[in-house]
Amino acid sequence: MHINTKCVQAGYEPKNGESRVIPIIQSTTFKYDSAETLGKLFDLEEDGFFYTRLTNPTLSAVAAKIAALEGGVGAMLTASGQSASMISITNICHAGDHVVCASAIYGGTFNLFNKSLRELGMDFTFVTPDSTEDEINAAFQENTRAVFVESVSNPSLDVADVELYAKLAHAHGVPLIVDNTFPTPVNFRPFEWGADIVVHSTSKYMDGHAVALGGVVVDSGNFDWTNGKYPAFTEPDESYHGVIYTEKFGKAAYITKAVTHMMRDYGPQQSPQNAFLLNLGLETLFLRMERHCSNALKVAKFLESNDKIDWVNYPGLESNKYYGLCQKYMPNGSCGVISFGVKGGREKAMQFMNNLDMIKLVIHVADARTCALHPASTTHRQLNDQQLEDCGVKPNLIRMSVGIEYVDDIIADIKQALDKI
Ligand SMILES: *Cc1c(COP(=O)(O)O)cnc(C)c1O
């Protein structure tokens, strides 16, 4: 099936007389006839639902749809994008391990890694977007266990050279994890370029209506966990009667361990209600992404031609330094988020924000409604100037998430806001 059809159809196949739409199974628990069956479930000897903290029919259908969209062997929904990023790392890295990470990543992910996971004993080396192949290579250490990048970074909109990162990660015997939130699998599928694990904040385009917080971890099934660096996959897990994940679950070892170990112990599960809402978003994802991208390109071109604008950053613009990579990886467009600087610096940028009318000031991005944000005073305010610079965030940067409204209305609002400054 084409990916557009998968958005509508994948993940759920109702049996005779069952509900046509993925049902909301609002039950934490499931009933079994015998103690023996339940025992087998606990030993991972049999498939079945028993407690929603691990999974449930609604969650598993929606996860299966996202796995199909990315082309993976399995997926696990999480309560948020943050918990998806956390588990993508903690499933394979422990105290004493090291991760090579792109510095151009979401501020929340940067804090998760640089503060919270460091406090748990993990170490990170951040590589800037303009790093050469040699510089990235030099960031690897004996104890490196993963590489983490964002395909299109939030908010700086750097396009990661995923094929190159995958090559370098594999040369060092470690997997490449890609946060693919901004392009979504409709516009970019990292597994086709060698990535091993994909994470998303489903709170963004996948939901698309800003109604349900969520995340997902997707496993390509392609990484070889038996190369000696991942004993948690190749030695018996005593908390499951000695199961060896790579032997028992083969290509699905990573995602099975994420569910049965990480989700069991940490428990950041998505609610069935949110998964239901997420699925509604997924059904129209391909339609919305097309409009987000065409609107964003038109808005970016309008801004580029306006003399009150200092600079415009959108990978779909020919003037953009990532235009080539964007054409290579995302020929149909990247996402609806653009950024730009208003002439006159921080103060004029704030005036512009206050002049907007239809376009609202919100922290969110990537839903149907156009919205704008000034990261240096909000999402990234905890970062010092050097860290801001490393993340590609200028003090006068305005991030605008272009929605799916009629594009002339979006441009008219921007124009009147600019005219007033
Ligand atoms: C929002 C976002 C996250 C975090 O997701 P939440 O659902 O807000 O926890 C992670 N990565 C990217 C690229 C994001 O935009």
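What counts, and where the lines are drawn
- Residues numbered from 1 in each chain as written.
- Predicted model: local features only at pLDDT ≥ 70, side-chain atom pairs only at ≥ 80, totals over all residues.
- Heavy atoms only, no water.
- Domains from an automatic or database assignment.
- Contact = heavy atoms within 4.5 Å.
- Buried area = accessible area lost by both parts, 1.4 Å probe.
- Salt bridge = Lys/Arg side-chain N within 4 Å of Asp/Glu carboxyl O.
- Polar contact = N/O pair within 3.5 Å; in protein donor to acceptor, adjacent residues only side chain to side chain.
- Helix = DSSP H or I, 4+ residues; strand = E, 2+ residues; numbered from the N terminus.
- Nonpolar A, V, L, I, M, F, W, Y, C, P; charged D, E, K, R; others polar.
- Phe/Tyr/Trp six-rings, centres within 6.5 Å; stacked < 30°, edge-to-face > 60°.
- Buried < 20%, exposed > 50% of the residue type's maximum accessible area, 1.4 Å probe, protein only.
- Near = heavy atom within 4 Å.
- Areas by Shrake-Rupley, 256 points an atom, 1.4 Å probe, with all protein chains shown as cover.
- Pairing = 2+ DSSP bridges.
- Axes fitted to C-alpha atoms, helices over the stretch in contact; angles between N-to-C directions.
- 1 Å grid on protein atoms, 1.4 Å probe; cavity = no way out; pocket = protein on both sides within 12 Å on 5 of 7 lines; lining within 4 Å.
- Points joined across faces, edges and corners; volume = space filled by probe spheres on them.
- Parallel < 35°, antiparallel > 145°, perpendicular 65-115°, else oblique.

J.: I tried to follow the domain arrangement of the chain on my own but got confused; where do I start?
T.: Interfaces are often sized by the amount of accessible area the parts lose when they come together. Domains assigned within the chain are domain 1 (3-281) and domain 2 (286-419). Once you take the C-alpha centre of each, domain 1 and domain 2 turn out to be 29 Å apart. Taken together, the contact between domain 1 and domain 2 spans 40 residues of the former and 38 residues of the latter. Buried area between domain 1 and domain 2, both sides added, is near 3,200 Å², and the carbon and sulfur share of it is 62%. On the surface where domain 1 and domain 2 come into contact, there are one salt bridge. A salt bridge links Lys328 to Glu163, with the shortest nitrogen-to-oxygen separation between them at 2.6 Å. On inspection of domain 1 and its partner domain 2, the count reaches 18 residue pairs in polar contact (both at pLDDT 80 or more). For the side of domain 1 that touches domain 2, the secondary-structure elements that each account for two or more residues are α1 (3-9), α5 (107-119), α7 (162-171) and α8 (184-187). Counting residues per element, the side of domain 1 that touches domain 2 draws most heavily on α5, which supplies four residues. Taken together, the residues that form the side of domain 1 that touches domain 2 break down as 20 nonpolar, 15 polar and five charged.

J.: When you look at the packing of aromatic side chains in this model, what are you seeing that I'm missing?
T.: In this description, a pair of aromatic rings is defined by centroid distance and the angle of the planes. The full count for this structure, using the stated rule, is 16 aromatic pairs. Consider the rings of Phe113 and Phe148, whose centres lie 4.9 Å apart with planes at 90°: the pair is edge-to-face. In this pair, Phe113 is assigned in helix α5 and Phe148 in strand β4 (residues 144-150), connecting sequence segments 35 residues apart. Classification of Phe113 by relative accessible area gives buried; the value is 0%. Given a relative accessible area of 0%, Phe148 falls into the buried group.

J.: Teacher, can you tell me more about the side chain of Asn180 here?
T.: Tracing the backbone through its elements, the reader meets Asn180 in the loop between β5 (176-179) and α8. Assessed through its relative accessible area of 0%, Asn180 is described here as buried. The residues contacting Asn180, other than those within four sequence positions of it, are Glu70, Ser151, Pro185, Phe188, Pro190, Val198, Val199 and His200.

J.: Would you mind going over the site of the ligand with me for this structure?
T.: Inspection of the region around the ligand gives 15 residues, with Asn154, Asp179, Ser201, Ser203 and Lys204 positioned closest. Within the contact set of the ligand, an oxygen atom lies 2.9 Å away from a backbone nitrogen or oxygen of Gly81. In the environment of the ligand, an oxygen atom lies 2.9 Å from a nitrogen or oxygen atom belonging to the backbone of Gln82. Look at the ligand: alone it shows 380 Å² of surface, and the protein chains cover 94% of it.

J.: What is the right way to look at the sheet that holds strand β7 (residues 215-219) in this model?
T.: What holds strands together in a sheet is hydrogen bonding between their backbones, with the strands either parallel or antiparallel. Across the sheet, seven strands lie side by side as β1-β7-β6-β5-β4-β2-β3; this open sheet has mixed pairing. The sheet is open, and its two edges are formed by β1 (74-78) and β3 (123-127), each paired on a single side. Along the sheet, successive strands turn relative to each other by an average axial angle of 20°, direction set aside. Pairing geometry for strand β6 (residues 197-201) and β7, over five bridges, is antiparallel. When the bridges of β7 are listed, Ser201 appears paired with Gly215. Along the sheet, helix α4 (residues 81-90) makes contact with β1, β2 (98-102), β4, β5, β6 and β7, crossing β6 at roughly 160°. Lying over the sheet, helix α11 (residues 253-266) contacts β1, β6 and β7, oriented at roughly 30° with respect to β1.

J.: Can you walk me through the sheet that holds strand β8 (residues 309-313) in this structure?
T.: Spatial ordering of the open sheet is given by β8-β9-β12-β11-β10, a layout of five strands whose pairing is mixed. Lying at the two open borders of the sheet, with one neighbouring strand each, are β8 and β10 (360-361). As defined by bridge partners, strand β11 (residues 371-373) adjoins strand β12 (residues 397-401) across three bridges and the pair is classed as antiparallel. The partner of Ala372 across the bridge, within β12, is Met400. On the sheet, helix α15 (residues 345-355) packs against β9 (337-342), β10, β11 and β12 and is oriented at approximately 125° with respect to β9.

J.: How should I be thinking about the layout of surface pockets in this particular structure?
T.: Over the atoms rolls a probe the size of a water molecule, and in doing so it shows where empty space is left. As a volume, the largest pocket reaches approximately 670 Å³. In this structure, the largest pocket is lined by 26 residues; those nearest its centre are Asp47, Thr55, Thr256, Val259 and Thr260. Among the residues making up the lining of the largest pocket, the classes are represented as 17 nonpolar, seven polar and two charged.

J.: Is there a simple way to think about the environment of Asn56 in this case?
T.: Residue placement: Asn56 occurs in the loop between α2 (35-42) and α3 (57-70). Sequence separation of Asn56 and Ile25 is 31 residues, and the distance between their C-alpha atoms is 7.3 Å. Discounting residues that sit within four places of it in the chain, Asn56 has contacts with Ile25, Ser27, Phe30, Phe49 and Pro272.

J.: Looking at this structure, I do not really get the packing of helix α12 (residues 272-283) against helix α13 (residues 285-304). What am I missing?
T.: Between two packed helices, the angle of one axis relative to the other and the distance separating the axes together describe the packing. Two elements in contact, α12 and α13, have axes whose closest approach is 5 Å; the angle formed by their N-to-C orientations is 60°. Between α12 and α13, the interaxial angle falls into the category oblique. Touching Gly281, Leu282 and Glu283 of α12 are Leu285, Phe286 and Arg288, all from α13.

J.: When you look at the pairing of β8 in this model, what are you seeing that I'm missing?
T.: For a regular strand, the rule is simple: side chains alternate between the two faces of the sheet. Most of β8 sits out of view: four of its five residues are buried. By the bridge criterion, four bridges tie β8 to β9 in an arrangement that is antiparallel. Its bridge partner being in β9, Ile309 is matched across the sheet by Val342.

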